[in-house]
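Fold and geometry: a report
Here is what each chain is made of, one letter per residue.
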Amino acid sequence: MSIQVAVNGYGTIGKRVADAVTLQPDMELVGVGKTSPNHEAELAVENGYPLYAAIADRVGLFEEAGIELAGTVEEMIAAADIVVDACPSGIGAENKSLYEAHDTPALYQGGEDADIVDSSFNARGNFADAAEADHVRVVSCNTTGLSRLLAPLEEEYGVEKARVTLVRRGGDPSQTDRGPIDDILPNPVGLPSHHGPDVNTIFPELDIDTLGLKVPATLMHTHSVNVTLEAEPDADDVRELLDGQTRTFLIPEGSGIDGAGAIKEFAMDRGRPRADVWENCIWSESVSMEGPDLYLFQAIHQESDVVPENIDAIRATLGTADAAASIERTNETMDIGF
Ligand code: NAD
């Protein structure tokens, strides 16, 4: 019998995870939890996804809007083998007792604190750590992008020290209340940004310093990466290693893809749903070695890179597949890899 998956919180991440669940031959979408009858609630109905009211008091609002509900979120959780919580930061922690009351294992997103879960998760970095955990956090978009990069470097060459400057988008395209509008903010001003310690939830021993900035952009994040390796490969070897990973895209030299806008255009031209870019986008030309120091630039699509990771985290948590089998299945069904 297929895994019954509930998605609680049907926003930027939740709607993408719900779609990805429906592509999996070993999973079935029980439904999605929603707080208000907005355009995304209508989308769920159009997609044929059973809709459950996340807040009991608001059932009437759905009725007034003519949107049919399948029941309450408690009923959805009770019917699920696992729930993916994709609520705004901090709400996942509040929902934890609901999932515990139904004895339903839960995945949370990167906006939650690492200490509310048994294990943090990245498929390439630490798939096996989620085995038999009840509460697992799929790390943030930036930490996912860094984990995918650092895992093969650590395995192949050893990492002495990683230093990353993250140039972060101010908000997602639909977040009209975010900023900055016309500014460049060191964010946080003090070191480290939370990303380095977050990477340590996946690789506890890794020596990493991170700095963050926020800029008036919505499309993607960009990382300026310096990793001091324990070996001195040449740049072509590193390119080959990164090219051989399944969730990294080495932007070919001469492709004319010179920034986040061009990456998104490329994704749209390839017919990607919502112009999503699930892969780390690493500029091939930027991959450089200076002695043991590797330098590169990569772009990360914040709205979508964690989606395949959520799918793998479902199998990892329930123990239904190992890392290689799960990643391969997810990549195949979602058509990951340009
Ligand atoms: P979002 O605001 O787009 O979506 C969250 C949805 O949850 C909204 O539809 C909201 O109405 C709903 N919601 C609020 N309270 C709820 C409740 N009690 N029960 C059910 N639904 C509820 O947020 P998002 O960007 O999808 O972020 C969700 C999580 O994913 C956060 O932890 C965030 O840090 C993380 N994340 C976001 C991004 C990103 O760039 N958007 C990337 C990686 C991880």
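Shown above is the structure to which this text applies.
Residues numbered from 1 in each chain as written. Predicted model: local features only at pLDDT ≥ 70, side-chain atom pairs only at ≥ 80, totals over all residues. Heavy atoms only, no water.

**Comments concerning the pairing of strand β11 (residues 208-215)**
As paired strands, strand β9 (residues 159-169) and β11 are joined by 8 bridges and run parallel to one another. Residue pairing for β11: Arg 169 is matched across the bridge by Val 215. Where strand β10 (residues 185-186) meets β11, 2 bridges bridge the pair, whose relative direction is antiparallel. The residue of β11 that forms the bridge with Pro 186 is Leu 213. (Pairing = 2+ DSSP bridges. Helix = DSSP H or I, 4+ residues; strand = E, 2+ residues; numbered from the N terminus.)

**A look at the packing of aromatic side chains**
Counted under the stated rule, the structure contains 6 aromatic pairs. Their ring planes at 10° and their centres at 5.5 Å tell us that Phe 249 and Phe 266 sit as a pair that is stacked. Note that Phe 249 is positioned in strand β13 (residues 248-251) and Phe 266 in helix α10 (residues 260-269), a separation of 17 residues in sequence. Phe 249 sits in the buried class, given a relative accessible area of 10%. Put simply, the rings of Phe 249, Phe 266 and Phe 338 pair up and form one aromatic cluster. Cation over ring: Arg 272 sits above Phe 338, and NZ or CZ is 3.9 Å from the ring centre. (Phe/Tyr/Trp six-rings, centres within 6.5 Å; stacked < 30°, edge-to-face > 60°. Buried < 20%, exposed > 50% of the residue type's maximum accessible area, 1.4 Å probe, protein only. Lys NZ or Arg CZ within 6 Å of the ring centre and 35° of its normal.)

**Looking at the sheet that holds strand β7 (residues 119-121)**
On the basis of which strands lie adjacent, the open sheet formed by 8 strands has the order β4-β3-β2-β1-β5-β6-β8-β7 and parallel pairing. Strands at the two margins of the open sheet, each flanked by one partner only, are β4 (71-72) and β7. One ladder, built from 2 bridges, connects strand β5 (residues 82-85) with strand β6 (residues 106-108); its direction is parallel. Its bridge partner being in β6, Val 84 is matched across the sheet by Leu 107.

**Quick look at the site of the ligand**
In the vicinity of the ligand there are 20 residues, among which Thr 12, Ile 13, Arg 169, Asp 172 and Gln 302 approach most closely. The side chain of Thr 35 places a nitrogen or oxygen atom 3.0 Å from an oxygen atom of the ligand. For the ligand, the protein covers 81% of the area, taking 830 Å² as the surface of the free molecule. In the shell around the ligand, the residues fall into 8 nonpolar, 9 polar and 3 charged. (Near = heavy atom within 4 Å. Polar contact = N/O pair within 3.5 Å; in protein donor to acceptor, adjacent residues only side chain to side chain. Areas by Shrake-Rupley, 256 points an atom, 1.4 Å probe, with all protein chains shown as cover. Nonpolar A, V, L, I, M, F, W, Y, C, P; charged D, E, K, R; others polar.)

**Considering the layout of surface pockets**
Of the voids in this model, the largest pocket is the one considered here, and its volume is about 1,300 Å³. Ile 13, Cys 87, Pro 88, Ser 89 and Gln 175 are the residues nearest the centre of the largest pocket, which is lined by 49 residues in total. Secondary-structure elements contributing two or more residues to the lining of the largest pocket are α1 (12-22), β2 (27-34), α2 (39-46), α5 (91-101), α7 (141-156) and β9. It is α1 that contributes the most residues to the lining of the largest pocket, 4 residues altogether. Each residue belonging to the lining of the largest pocket can be placed in one class, and the counts come to 15 nonpolar, 21 polar and 13 charged. Forming the boundary of the second largest pocket are Ala 123, Arg 124, Arg 148, Gln 245, Thr 246, Arg 247, Thr 248, Glu 309, Ala 323, Ala 324 and Ile 327. Counting residues per element, the ones that place at least two in the lining of the second largest pocket are α6 (123-126) and α12 (323-334). Among the elements that take part in the lining of the second largest pocket, α12 stands out by supplying 3 residues, more than any other. Split by residue class, the lining of the second largest pocket holds 4 nonpolar, 3 polar and 4 charged. (1 Å grid on protein atoms, 1.4 Å probe; cavity = no way out; pocket = protein on both sides within 12 Å on 5 of 7 lines; lining within 4 Å. Points joined across faces, edges and corners; volume = space filled by probe spheres on them.)

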